[in-house]
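Spelled out, the chains give:
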Amino acid sequence: MLRENKERTEGTLIRDRGRPGRRGFTLPKLDVPETKVGDILPASQRRTEKPDLPEVDEPTVVRHYTNLSRRNWGIDTNFYPLGSCTMKHNPRVNEAAAQVPGFAGLHPMQPQAQSQGALRVMYELQGFLSEVSGLAAVSLAPLAGAQGELTSILMVKRYFEDVGDTGRTTVLVPETAHGTNPATASMAGFEAEEIGLDEHGCVDVDELREKVDGTTAALMITNPNTGGVYERNIHEISEILHDAGAFLYMDGANMNANMGRMKASDAGVDIMHFNLHKTFSTPHGGGGPGCGAIACTDTLAPFRPDPVAAKGGDKYSLEKPDKSIGRMTSFFGNFGVILKAWNYIKLHGPDLRDVTDMAVLNANYVRARLRDTYRVPYDELCKHEVVVQPPKGKKALEIAKGLLDHGFHPPTIYFPLVVKEAMLIEPTETESKETLDDFVEALLQLADTDDEDLAESPTTAPTRRLDEARAARKLKARW
């Protein structure tokens with residue numbers, strides 16, 4: 001009876017709970033002369049029939065959306081160790097900063113003289129990111145990490161066009177690269193060529209040396225890479241590229257492992273992108289909003305997208321770099337994300353490195369506790385995330401589904417592609433030891449769970465296990 005009642009109240013569509021004429025509000029009586037719609041809107045802009053919307057009262061609307069929100073899984077409700085995604089707690093103070101009326105109410109077309117506070121935030125954040133990366137120039141224009149990648153490689157392309165070097169046709173990507181890296185190279189008009197790994201899960205330097213030549217425009221490297229491993233030969237890699245006249249681009253998606261501890265410029269990186277929306281603040285996931293700010297050397301600075309924030313005397317302004325690749329977006333990026341990142345860095349100050357230290361400590365704690373039961377392909381000091389494999393005979397998918405019944409979001413599975421049955425766990429710096437212990441205990445229990453029981457998971461989620469292959473091939477986008 002209880003289950004039937006739950007399905008009756010939550011399992012129906014909101015339109016099934018409505019009745020003709022039911023309303024959630026009433027308008028007050030007119031205190032101005034009534035005007036017919038036809039007098040102010042031409043027939044071409046008026047509906048010919050009423051919209052087909054549910055007719056319900058206010059409590060029904062509130063309960064409908066509240067119940068929908070409870071079906072979702074988020075960082076505010078559960079641990080979310082999604083490797084390579086940095087699903088960490090976002091301090092509410094940064095959200096409050098983004099809601100300050102003086103910022104939230106700014107219009108992007110407002111004159112610069114009336115936007116000096118916002119321009120100052122952008123200018124100072126450019127300086128903060130320059131300090132974190134060690135690179136001379138920054139642009140906040142890209143709206144996402146993938147767009148930051150594309151912006152970077154387009155800048156590299158424009159540089160070679162500018163110097164008259166037309167033979168650069170290839171961008172190299174390691175096997176551990178994010179999928180967006182080769183896609184970026186292709187979109188920018190280059191041919192993507194893969195580089196293999198050595199026994200430590202790092203770029204195979206010997207293979208790199210063989211493949212780098214006068215056609216190479218850049219190498220797109222993620223450091224630490226998607227296996228959670230720091231590229232120990234990063235200096236040698238940059239020298240190989242620079243000797244051939246090519247650039248080293250760093251995918252900064254994993255900056256949680258670097259802030260305050262490693263400057264990209266010291267490693268020989270020429271250009272990189274940040275994910276402000278995952279490294280600093282702003283909830284990550286769900287498709288936005290984001291900011292894929294880029295940082296680069298003086299050599300590439302003239303090619304940054306338009307605009308960048310500048311300062312002359314005590315005035316702030318927006319300027320277009322001399323040889324800019326042009327605009328990557330309308331106006332000047334996601335200002336709310338920019339503001340939250342500025343606030344996050346201001347609050348931490350020099351202690352920003354503590355974020356890195358705690359992220360790395362948590363990942364290594366999980367690695368150390370699982371290593372006797374789960375297989376660890378690169379069983380050495382990892383950075384902010386760790387790759388494990390289930391005990392032999394078990395599948396990553398089964399373990400992931402089982403975690404749902406223990407109250408945890410599964411980690412990323414089957415990525416990176418170079419590790420079979422991979423489970424990429426990113427605890428992040430914001431989780432306590434108690435939470436990590438609960439998560440590890442759940443994984444250890446699942447390792448001892450019968451395969452038949454695992455095959456039934458999840459049993460407590462809003463829906464049971466989905467036929468993922470069928471869902472992908474026979475998309476049903478309507479209820």
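Everything below is about the structure shown above.
Remember, predicted model here, so these are calculated numbers, not experimental data.

Side note on helix α10 (residues 234-243)
Then comes step 1: Those residues of α10 lying buried are I234, I237, S238, I240 and L241. Viewed along the axis of α10, the buried residues span an arc of 160°, placing them on a single side of the element.
Then comes step 2: G245 sits one or two positions beyond α10 and adopts a positive phi of about 80°.

Examining unusual backbone geometry
Then comes step 1: Residues D306 and P307 are joined by a peptide bond in cis, for which omega reads 0°.
Then comes step 2: If you trace the backbone, P307 turns up in the loop between β7 (294-296) and β8 (308-312).
Then comes step 3: That bond from S457 to P458 is cis: its omega, 0°, falls within 30 degrees of zero.
Then comes step 4: A positive phi is found at F331, a non-glycine position, where the angle reads about 55°.
Then comes step 5: If you trace the backbone, F331 turns up in the loop between β9 (315-319) and α12 (335-348).

With respect to the sheet that holds strand β11 (residues 412-413)
Then comes step 1: Taken together, the three strands give an open sheet; going across it, the order is β10-β12-β11, and neighbouring strands pair in antiparallel fashion. Two strands close off the open sheet at either side, each with one partner strand: β10 (386-388) and β11.
Then comes step 2: Both β10 and strand β12 (residues 423-425) contribute to a ladder of three bridges, which runs antiparallel. Each residue of the ladder has a partner; that of V387, found in β12, is L424.

What to know about the pattern of salt bridges
Then comes step 1: Enumeration over the complete set of coordinates arrives at 26 salt bridges.
Then comes step 2: Two residues, E95 and K340, come together in a salt bridge whose shortest N-O distance is 3.3 Å. Of this pair, E95 sits in helix α4 (residues 92-98) while K340 sits in helix α12, placing them 245 residues apart in sequence.
Then comes step 3: The exposure class assigned to K340 is buried, which follows from its relative accessible area of 10%.
Then comes step 4: Residue E161 is joined to R158 by a salt bridge in which the shortest nitrogen-to-oxygen separation is 3.4 Å. Of this pair, E161 and R158 both sit in helix α7 (residues 145-163), three residues apart, which is roughly one turn of that helix.
Then comes step 5: Taking relative accessible area as the criterion, R158 reaches 33% and is therefore assigned partly exposed.
Then comes step 6: When salt bridges that share partners are traced, they join R369, K433, D437 and E441 into one network.

Structural notes on the sheet that holds strand β3 (residues 191-195)
Then comes step 1: In spatial order, the strands read β1-β7-β6-β5-β4-β2-β3; together these seven strands make up an open sheet with mixed pairing. In this open sheet, the two edge strands, each paired with only one partner strand, are β1 (137-139) and β3. Here the strands of the sheet are splayed against their neighbours by 25° on average, with no regard to which way each runs.
Then comes step 2: In the sheet, strand β2 (residues 170-174) pairs with strand β4 (residues 216-222) via three bridges, with the strands oriented parallel.

Some thoughts on the environment of E210
Then comes step 1: Structurally, the position occupied by E210 is in helix α9 (residues 205-211).
Then comes step 2: Classification of E210 as exposed rests on a relative accessible area of 68%.
Then comes step 3: Taking the C-alpha atoms as reference, E210 lies 43 Å from K401; in sequence the two are 191 residues apart.

Focus on a nonpolar patch on the surface
Then comes step 1: Together, V37, I40 and L41 line one region of the surface with nonpolar side chains, adding up to about 270 Å² of accessible area.
Then comes step 2: Inspection of the secondary structure assignment puts L41 in the loop between α2 (37-40) and α3 (58-70).
Then comes step 3: A relative accessible area of 33% places L41 in the partly exposed class.

Reading the values: rules and limits
- Residues numbered from 1 in each chain as written.
- Predicted model: local features only at pLDDT ≥ 70, side-chain atom pairs only at ≥ 80, totals over all residues.
- Heavy atoms only, no water.
- Buried < 20%, exposed > 50% of the residue type's maximum accessible area, 1.4 Å probe, protein only.
- Helix = DSSP H or I, 4+ residues; strand = E, 2+ residues; numbered from the N terminus.
- Arc of directions from axis to C-beta.
- Pairing = 2+ DSSP bridges.
- Salt bridge = Lys/Arg side-chain N within 4 Å of Asp/Glu carboxyl O.
- Axes fitted to C-alpha atoms, helices over the stretch in contact; angles between N-to-C directions.
- Patch = residues over 30% accessible without salt bridge, like charges linked within 9 Å, V, L, I, M, F, W, Y side chains within 5 Å.
- Areas by Shrake-Rupley, 256 points an atom, 1.4 Å probe, with all protein chains shown as cover.

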